[in-house]
Amino acid sequence: MSERYCNDSIIGVEDAQELLLAHVSLLDAEKVALGASFGRILAQEVRSDIDISPFDNSAMDGFAVCHADFVAARPAPSREHPLELPIIGRLGAGSVFDGELTGGQALRIMTGAPLPRGADTVVKIEETEVIGESDECPEGTNVRFFTIPVLGEHVRPRGEEARKGEVLLHAGDRISPAAAGLLASTGNAEVLVYRRARVGIISSGSELVAISEIPGPGQIRNSNSYSLAAQVAEAGGEPVILPAITDTREAFIGALQAAVAQFDFIITSGGAAEGDFDFVTPAIRELGELFYNKVNMKPGKAQTFGIIGSVPIFGLPGNPAAAAVGFEVLVRPALRRMQGMRALKRPVTRAVLTTDIKKVPETRRFYLRARVERVTDGAGEGAAGVGAAAGTAAGANAGAAAGGGAASASAAGVGTAAGYRVTPAPNQSSALLGALNNANCLLVVPEGLKPLAAGDTVACLRLDMEEGVV
Ligand code: AMP
Ligand code: MG
């Protein structure tokens, strides 16, 4: 099988991201019921089939009137000299007034009811005085007005939301609650969305036991399958946890061969390094094409990417935090792209370090599990520190380190560090899930940097904010 890249050499994070993005393709689209479409990504443009609203209507409960009556009134309407008009009827939303309002009349009208012909203005009920209310005529016989309203006030014009044929939503838009409402308003009982990526998850390791078991000597529970499944689900995919496999070449080859027939993307964990029992690389080499198996990052240098048939295979390291960071930085953007999502970069917050970072890897990109927070002493009000993950670094550390796919990046700028501080977890061992669980960001230390000191400004990839929100 071919090897287009020198896969024995280590490649940079951006190159690894790009290669992966270049080798995933957009999934096909499927129709889903509108009620089940929330959060999905539209695969179609949506135009309005009608004017919305289809008619001029009242924005208030009040009285539909002819503005000219007020202009013509002598003296001008005031508290002392109100304009009094007869009430010719009452109209609720859903009904249509048959007649036409001629000058010198008022029609009691409710919010959403169509403006009667002849009327051009609505006066709120609170600004009027109704007289002549009786058992026979509970709406009253007449209404008094005390000022001249603004012409057209409280009238919602036909087509205010959209004109027939107007484009309201685009392919690639996430179906937000408001978008679901627009789809409903335009009669889309079903919508075309990109299919969710079906992702097969294979954990490898002869030490792994099922989570229902108490681990025996030398054994551990298989936690990666579950944390990775959750990450897949968070990225919009459909995870399927496949049986864990032992550390043999045959087991890897058998599991991968079976999985490529069923899934859009396959993730493995463990066995990705170059130890005696690491078989991801040889299995991909044997079955397909290997693109890389080392990425210049920490934790988890052993990030492996290849294709078998047309199915991307990503081999994550076994250490739980290394697997999670590899997923976040490399796999997540690819899954998002496959599912039609446009934004591939997490928002970045520039923040001031609260502690020194004495141990940094000499040449590798370092992703520290950390917590970023707003400084609440007043200095940090506003969202000044949040920007898009792009390469316009203002500070030494804040730039190119941001994750996500290079192909999607438009340099939206990185905010000021004022107002945010960040504290890395004290124990950055890649074996630990707790530090990751407490983190809301990955603090990024670019490769080749010297140790950092409290007070330095760093870039933090926001794990708690979705791509594209800023
Ligand atoms: P490996 O990448 O296979 O060398 O594994 C590195 C470390 O991660 C070892 O300590 C493994 O026991 C651990 N590990 C591997 N797979 C899993 C898993 N599915 N769940 C939890 N820990 C794992
Ligand atoms: Mg292993």
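Residues numbered from 1 in each chain as written. Chains lettered and ligands numbered in written order. Predicted model: local features only at pLDDT ≥ 70, side-chain atom pairs only at ≥ 80, totals over all residues. Heavy atoms only, no water.

Asker: If you had to explain the pattern of salt bridges to someone new, which residues and values would you point to?
Answerer: According to the stated counting rule, one finds 23 salt bridges in the structure shown. Here Glu467 and Arg332 are joined by a salt bridge, their closest N and O atoms 2.7 Å apart. Note that Glu467 is positioned in the segment after strand E27 (457-462) and Arg332 in helix H7 (residues 320-338), a separation of 135 residues in sequence. Judged by relative accessible area, which is 6%, Glu467 ranks as buried. Residue classification places Arg332 among the buried residues on the basis of a relative accessible area of 5%. Put simply, Arg174, Glu328, Arg332, Arg336, Arg346, Glu466 and Glu467 are held in one network by salt bridges that share partners. (Salt bridge = Lys/Arg side-chain N within 4 Å of Asp/Glu carboxyl O. Helix = DSSP H or I, 4+ residues; strand = E, 2+ residues; numbered from the N terminus. Buried < 20%, exposed > 50% of the residue type's maximum accessible area, 1.4 Å probe, protein only.)

Asker: Can you explain the site of ligand 1? Please cite residues and give values.
Answerer: Near ligand 1 there are 15 residues, and of these Glu207, Asn222, Gly271, Gly318 and Asn319 occur at the shortest range. Between an oxygen atom of ligand 1 and a side-chain N or O atom of Glu207, the distance comes to 2.5 Å. Interatomic distance of 3.2 Å between a backbone N/O atom of Asn224 and a nitrogen atom of ligand 1. Here ligand 1 loses 75% of its free accessible area of 490 Å² to cover by the protein chains. A breakdown of the residues in the shell around ligand 1 according to their chemical character gives three nonpolar, 10 polar and two charged. (Near = heavy atom within 4 Å. Polar contact = N/O pair within 3.5 Å; in protein donor to acceptor, adjacent residues only side chain to side chain. Areas by Shrake-Rupley, 256 points an atom, 1.4 Å probe, with all protein chains shown as cover. Nonpolar A, V, L, I, M, F, W, Y, C, P; charged D, E, K, R; others polar.)

Asker: Any chance you could break down the nonpolar core for me, citing the residues and the numbers?
Answerer: Among the nonpolar cores identified, the biggest contains 41 residues, and Phe265, Tyr292 and Leu335 are the most heavily contacted of them. For this core, the leading source of residues is H7, giving nine residues. Both domains that furnish three or more residues to this core are identified here as domain 1 (13-28 + 195-338) and domain 4 (348-462). By size, the runner-up hydrophobic cluster in this structure holds 20 residues, among which are Ile253, Phe263, Ile284 and Val311. (Core = buried A, V, L, I, M, F, W, Y, C linked by side-chain atoms within 4.5 Å. Domains from an automatic or database assignment.)

Asker: Which residues make up the sheet that holds strand E6 (residues 106-109), and what values go with them?
Answerer: Here six strands make up an open sheet; going across it, the order is E7-E4-E6-E5-E9-E8 and the pairing mixed. Edge strands, defined here as strands with exactly one partner in the open sheet, are strand E7 (121-124) and strand E8 (128-131). In this sheet, adjacent strand axes meet at a mean angle of 35° when their direction is disregarded. Here E8 pairs with strand E9 (residues 142-145) via four bridges, running antiparallel. Opposite Val130, over in E9, you have Val143 as the bridge partner. (Pairing = 2+ DSSP bridges. Axes fitted to C-alpha atoms, helices over the stretch in contact; angles between N-to-C directions.)

Asker: Can you tell me about the packing of aromatic side chains, naming the residues and giving the values?
Answerer: Evaluation of the coordinates by the stated rule reveals six aromatic pairs. Ring geometry for Tyr292 against Phe314: centres 6.4 Å apart, planes inclined by 70°, an arrangement best described as edge-to-face. With Tyr292 in strand E18 (residues 289-292) and Phe314 in strand E21 (residues 311-316), the pair connects residues that are 22 residues apart, well separated along the chain. Take Tyr292 and Phe314: they sit in the same class, and that class is buried. Where Phe305 meets Phe314, the ring centres are 6.3 Å apart and the plane angle is 20°; that geometry is what we call stacked. Given the relative accessible area of 0%, Phe305 is considered buried. Exposure remark for Phe314: the relative accessible area of 0% places this residue in the buried category. By way of ring pairs, the aromatic residues Phe291, Tyr292, Phe305 and Phe314 are connected into one cluster. One residue, Arg79, lies across the ring of Phe146, its end atom 3.7 Å from the ring centre. (Phe/Tyr/Trp six-rings, centres within 6.5 Å; stacked < 30°, edge-to-face > 60°. Lys NZ or Arg CZ within 6 Å of the ring centre and 35° of its normal.)

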